[in-house]
Structures are given as structure tokens and as C-alpha cells.
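In case you want the letters, here they are:
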Amino acid sequence: MSIKTPALITVPTKKPDSKKTYVLALVIASTSLMTGLLMTSMTTQAAGLSDLFGNNGNTAQSKFLPVDKAFQVSSRSKAMAKGTRLSIAFDITPGHYVYKDQLTLNFPKGVSATPFTFSQPPVSINDPTFGQVPVFTQKSVVATTTLTTNNGKGAKNAPLIIGWQGCAEAGLCYPPVKIKTTVDITVSRK
């Protein structure tokens, strides 16, 4: 039995231009290097954030608490003779603080609110971002305001947005937080 193999045909080839080959090799190497550096940078940043907040499955080794663990915030309302009292309670984990001046309340047109009063006095700190500012470092602080309608009528399920911001003393300021809720605003009795 014999196997026939086709004869090899020799095709004359042009000798490659060494300058073009060098430039092509340089472009490929540069692209590979940049891709590698970008991937390393992204991996390092992701690892850094997971180390900060314990996303690696081991929260005992995390450096900073997630915002909802560092600060527990709740609100409640109560009908009063002159409108509705809104109370916003902050349970602050030790080693953290809440900015007094970052506490905001957004409500619909036709609703008014009195200035906040607080259950605890703020302390003044020299904050790296805002300078000398009043903050709350106590375990528990309640901010209270009274809501009324401008037309003298009540309002059912009036939408409110509570805004606030806090930081860890170890060097992390959390982004501003907004909480959406609703409240029934009672008619002021005279």
C-alpha cells in the first residue's frame, strides 16, 4: 500500500520589512502592557473597596462598617394641636458622627416645617472636609420638627425626603443618604 502525498510547491515570498515588523511588535506589546495595568488597577481598587466594607465575606476584618450598620435611622410622626410632630432618631455606633448641618428635610409645596430641635447638644470638631462643624457623636440623638400645611387643611401621605450624612472617626465620610417616607399632616387646631 502506498500513500501519495502532494508535492510541496515553493512560493517565493517577499522578505518582511523589518521597520514595519518592529513597529507592529511595539504596538502589540504596548497594548498588552496597558491592558494588564488597567486590569491590575481595577482589581486593586475593587479589592480596596471590599477590604473597606467587608465584602470579602469576613466582616470581622473589615475596616469600616456599612452605612446602615454605622447609623440606624428611623422616623415617626404624631398629631399635635399645631400640626404634626416629626421625630428622626439616629442611633450612632461609637466611633462615628453625624453632621448637624447636613440634616435636611424636603417636602411638597404648601407644607412648612419649624427648625429642628435636638435631644442632645452637638459637639464642635475640626473636620477635614468641612472645617470646624457641629456634629453628633452621642449614641442616640433625636431631631424634631413640626410640620403644617400652609392652607390650613390636612395632608394625607405627604412625601418627605430626609437627608443626612455621617462619618467614621477612623477617616471615612459616607456619601449623603436620602430616606423617602410619607407622613399625615394634621390640621392645626386653634
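Owing to the predicted nature of the structure, the values given are computational and were not obtained by experimental measurement.

Engineer: Give a description of the overall build of the protein that names residues and reports values.
Structural biologist: Check the secondary structure of the protein and you find 2 helices and 13 strands. Residues classed as buried in the protein amount to 24% of the 190 residues present. Sequence separation of at least 24 residues holds for 64% of the intrachain contacts in the protein that already meet a minimum separation of 6. With an accessible surface of roughly 13300 Å², the protein has 61% of that area assigned to carbon and sulfur atoms.

Engineer: Pulling in residues and values, what's your account of the pairing of strand S8 (residues 131-136)?
Structural biologist: Pairing of strand S3 (residues 96-99) with S8, which is carried by 2 bridges, proceeds in the antiparallel orientation. Bridge pairing in S8 places Val98 opposite Phe136. With 5 bridges joining them, strand S7 (residues 123-127) and S8 adopt antiparallel strand pairing. Note on S8: the bridge partner recorded for Asp127 is Gly131.

Engineer: So what's going on with the sheet that holds strand S10 (residues 155-164)? Residues and values would help.
Structural biologist: Pairing is antiparallel across the open sheet formed by 3 strands, whose spatial order is S4-S10-S13. The open sheet terminates on both sides in strands that have one partner only, identified here as strand S4 (104-106) and strand S13 (177-185). Going from strand to strand, the sheet's axes swing by 30° on average, the running direction of each strand aside. Bridge count between S10 and S13: 8 bridges; the pairing is antiparallel.

Engineer: Mind laying out the packing of aromatic side chains, listing which residues take part and the relevant values?
Structural biologist: Summed over all chains, the structure comprises 7 aromatic pairs. Ring geometry for Phe118 and Phe136: centres 4.8 Å apart, planes at 40°, overall tilted. One end of the pair, Phe118, is in strand S6 (residues 117-118); the other, Phe136, is in strand S8, with 18 residues separating them in the sequence. Phe136 sits in the buried class, given a relative accessible area of 3%. Aromatic ring contacts, followed pair by pair, group Phe71, Phe90, Trp164 and Tyr174 into a single cluster.

Engineer: Describe the side chain of Thr149, naming the residues involved and giving the relevant values.
Structural biologist: Summarising the element assignment, Thr149 is placed in strand S9 (residues 140-149). Taking the relative accessible area as the measure of exposure, Thr149 reaches 15% and is therefore buried. Polar side-chain contacts of Thr149 include one of 3.3 Å to the side chain of Asn151. Within the local environment of Thr149, its side chain forms a polar contact with the backbone oxygen of Lys153, the two atoms lying 2.3 Å apart.

Engineer: Any details on the state of the cysteines? Residues and values, ideally.
Structural biologist: Such a bond, covalent and formed between the sulfur atoms of two cysteines, is termed a disulfide. In total, this model carries 1 disulfide according to the counting rule given. Paired by a disulfide, Cys167 and Cys173 hold their sulfur atoms 2.0 Å apart. Given an S-S torsion of about 95°, the disulfide between Cys167 and Cys173 has right-handed geometry. Overall, Cys173 belongs to the partly exposed group, its relative accessible area being 32%.

Conventions and cut-offs
Residues numbered from 1 in each chain as written. Predicted model: local features only at pLDDT ≥ 70, side-chain atom pairs only at ≥ 80, totals over all residues. Heavy atoms only, no water. Helix = DSSP H or I, 4+ residues; strand = E, 2+ residues; numbered from the N terminus. Buried < 20%, exposed > 50% of the residue type's maximum accessible area, 1.4 Å probe, protein only. Contact = heavy atoms within 4.5 Å. Areas by Shrake-Rupley, 256 points an atom, 1.4 Å probe, with all protein chains shown as cover. Pairing = 2+ DSSP bridges. Axes fitted to C-alpha atoms, helices over the stretch in contact; angles between N-to-C directions. Phe/Tyr/Trp six-rings, centres within 6.5 Å; stacked < 30°, edge-to-face > 60°. Polar contact = N/O pair within 3.5 Å; in protein donor to acceptor, adjacent residues only side chain to side chain. Disulfide = S-S within 2.5 Å.

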